[in-house]
Number of protein chains: 2
Amino acid sequence: MEKNLLGTNVIAQIGILVHDIEKTSQVYADFFGVENPGWQITDVVDKAQTEYRGKRTEARAKLAFFKMGSLQLELIEPDEHPSTWREYLNEHGEGPHHIAFRIEGMKDKVMTLDRNQMPLLQKGEYTGGRYAYIDTFEQLKVIVELLENDKK
Amino acid sequence: MEKNLLGTNVIAQIGILVHDIEKTSQVYADFFGVENPGWQITDVVDKAQTEYRGKRTEARAKLAFFKMGSLQLELIEPDEHPSTWREYLNEHGEGPHHIAFRIEGMKDKVMTLDRNQMPLLQKGEYTGGRYAYIDTFEQLKVIVELLENDKK
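Residues numbered from 1 in each chain as written. Chains lettered and ligands numbered in written order. Predicted model: local features only at pLDDT ≥ 70, side-chain atom pairs only at ≥ 80, totals over all residues. Heavy atoms only, no water.

In the nomenclature of an unreviewed UniProt entry, chain A is known as VOC family protein of Paenibacillus cremeus.

So this is what it looks like as structure tokens:
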């Protein structure tokens, strides 16, 4: 394996899959004594250009973000269309899905990981940036998400 | 549910269960381009006073700690004795097990959580402090660990 594949080891986010984001986000808000951030839904496929295992997918997810110290905890409630979220939720049940890192040079990073037997699982665009989930499960025992925000 | 049960929402640690800590810690070191921190083993029951579901247990685990930004990523390879580590690994396979928070007043926090239907799963002592795993899975979709270090 090549070394230092991401150029960072700062965990920016933990993503947790849930069946009911309204219920679980309220529990989180109460448990930690913070405001309920509400949820937002990922963009439709035409805007997000979502691809899962190399194919366009209409999958969307409701997301709720909690600031937990220096990182985000993200709750994710996926719809039924094919996605890493839905597949992982069906196979593993509710619980942690990924750890995320802010990177630069998405295309190069994805190619480097692929060359090291860690293939792209899913990718998409969001306002101001893009994400990629990488199948690092065999190596790291958790999925890695890459987040690249556009320079302002 | 009562509110703000821990008095903090700063995630200090993510714990990941693995079958082979030597192998996986070397993969982490290479992947992130950092030194392999090696592993250490938790104390024997007489010193750690380890209890799992209210009973003394001889369970021990090998631990490897990686600094990832402001938090620790902890790899955990448990032995075969009863523990939350072994139970969760047998049921869920390798992957994330807990998120941890540094707290003060362990006894009070554990009582508060228990009163809110989040019972103590496992506790023990380590040099300079103590830990408690709480069964928050139903509520938060992840186990919470409390860490209390003695004042220096």
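Draft legend 1. The arrangement of the sheet that holds strand β1 (residues 13–17) of chain B in detail. Residue and element names in this part refer to chain B. Spatially, 10 strands are ordered β2-β5-β6-β1-β7-β10-β9-β8-β3-β4 in an open sheet, and the strand pairing comes out mixed. Of all strands in the sheet, those with a lone pairing partner are β2 (40–41) and β4 (55–56), marking the two edges. As judged from the 5 bridges shared by strand β7 (residues 95–102) and strand β10 (residues 143–149), these two strands associate in the parallel manner. Looking at the pairing, Ile99 lines up with Val144 of β10. (Pairing = 2+ DSSP bridges. Helix = DSSP H or I, 4+ residues; strand = E, 2+ residues; numbered from the N terminus.)

Draft legend 2. Just the confidence of the model for chain A, in detail. Per-residue pLDDT for chain A averages 97, and the proportion of residues at 70 or more is 100%. With a pTM of 0.97, the predicted complex shows an ipTM of 0.96. (pLDDT = per-residue confidence, 0-100.)

Draft legend 3. Local environment of the relation of the copies chain B and chain A. Note on the copies: chain B fits chain A at an RMSD of 0.0 Å, the axial shift is 0.0 Å, and the rotation between them is 180°. Such a combination of rotation and displacement between the chain copies is what one expects of a two-fold axis. When the interface residues of chain B are mapped onto chain A, 100% of them are again interface residues, pointing to one common binding face. (Least-squares fit on C-alpha atoms with pLDDT ≥ 70 in both. Contact = heavy atoms within 4.5 Å.)

Draft legend 4. Focus on the pattern of salt bridges. Residues and elements named next belong to chain B. For the structure on display, the rule yields 22 salt bridges over all chains. Between Glu104 and Lys151 there is a salt bridge, with its nearest N and O atoms 3.7 Å apart. Highlighted residues: Glu104 in the loop between β7 and α4 (106–115) and Lys151 in the segment after β10, separated in sequence by 47 residues. Looking at Glu104, the relative accessible area reads 56%, which means it is exposed. A relative accessible area of 72% means that Lys151 is categorised as exposed. One salt bridge in this structure joins Asp150 and Arg130, with 2.9 Å as the shortest N-O distance. (Salt bridge = Lys/Arg side-chain N within 4 Å of Asp/Glu carboxyl O. Buried < 20%, exposed > 50% of the residue type's maximum accessible area, 1.4 Å probe, protein only.)

Draft legend 5. Broad picture of the nonpolar core. Counting residues in hydrophobic clusters, the biggest one holds 62 residues, and the most contacted among them are A:Leu146 and B:Leu146. Excluding anything up to four places from it in sequence, A:Leu146 contacts A:Leu6, A:Phe101, A:Ile103, A:Met106, A:Lys109, A:Val110, A:Leu113, A:Arg130, A:Tyr131, A:Ala132 and A:Ile134. (Core = buried A, V, L, I, M, F, W, Y, C linked by side-chain atoms within 4.5 Å.)

Draft legend 6. Molecular detail of the pairing of strand β5 (residues 61–68) of chain B. All names here are of chain B. In the sheet, β2 pairs with β5 via 2 bridges, with the strands oriented antiparallel. Paired with Gln40 across the bridge in β5 is Leu63. Relative to strand β6 (residues 71–78), β5 is paired through 8 bridges, and the arrangement is antiparallel. Each residue of the ladder has a partner; that of Leu63, found in β6, is Ile76. Between β5 and β6, which pair antiparallel and follow one another directly, the connecting turn spans 2 residues, one of which, Gly69, has a positive phi of 70°.

Draft legend 7. Representation of the side chain of A:Thr57. All names here are of chain A. Inspection of the secondary structure assignment puts Thr57 in the loop between β4 (55–56) and β5 (61–68). Residue class for Thr57 comes out buried when judged on its relative accessible area of 6%. A polar atom in the side chain of Thr57 sits 3.1 Å from the backbone nitrogen of Ala59. A distance of 2.7 Å separates a polar atom in the side chain of Thr57 from the backbone oxygen of Pro82. When sequence neighbours within four positions are dropped, the list of residues in contact with Thr57 reads Val45, Thr50, Glu51, Tyr52, His81 and Pro82. (Polar contact = N/O pair within 3.5 Å; in protein donor to acceptor, adjacent residues only side chain to side chain.)

Draft legend 8. Quick peek at the interface of chain B and chain A. Tallying the contact residues gives 41 residues for chain B and 41 residues for chain A. Taken together, both faces of the contact between chain B and chain A bury some 3400 Å²; the carbon and sulfur share is 71%. Where chain B packs against chain A, one counts 4 salt bridges. For A:Lys141, the salt bridge goes to B:Glu94, with nearest N and O atoms at 3.1 Å. (Buried area = accessible area lost by both parts, 1.4 Å probe.)

Draft legend 9. A look at the sheet that holds β5(A). All names here are of chain A. Strand order in the open sheet formed by 10 strands is β2-β5-β6-β1-β7-β10-β9-β8-β3-β4, with mixed pairing between adjacent strands. Because the sheet does not close on itself, it has two edges, and the strands there are β2 (40–41) and β4. Its contacts with the sheet put helix α1 (residues 21–32) on β1 (13–17), β5 and β6 (71–78), and the angle it makes with β5 is roughly 5°. (Axes fitted to C-alpha atoms, helices over the stretch in contact; angles between N-to-C directions.)

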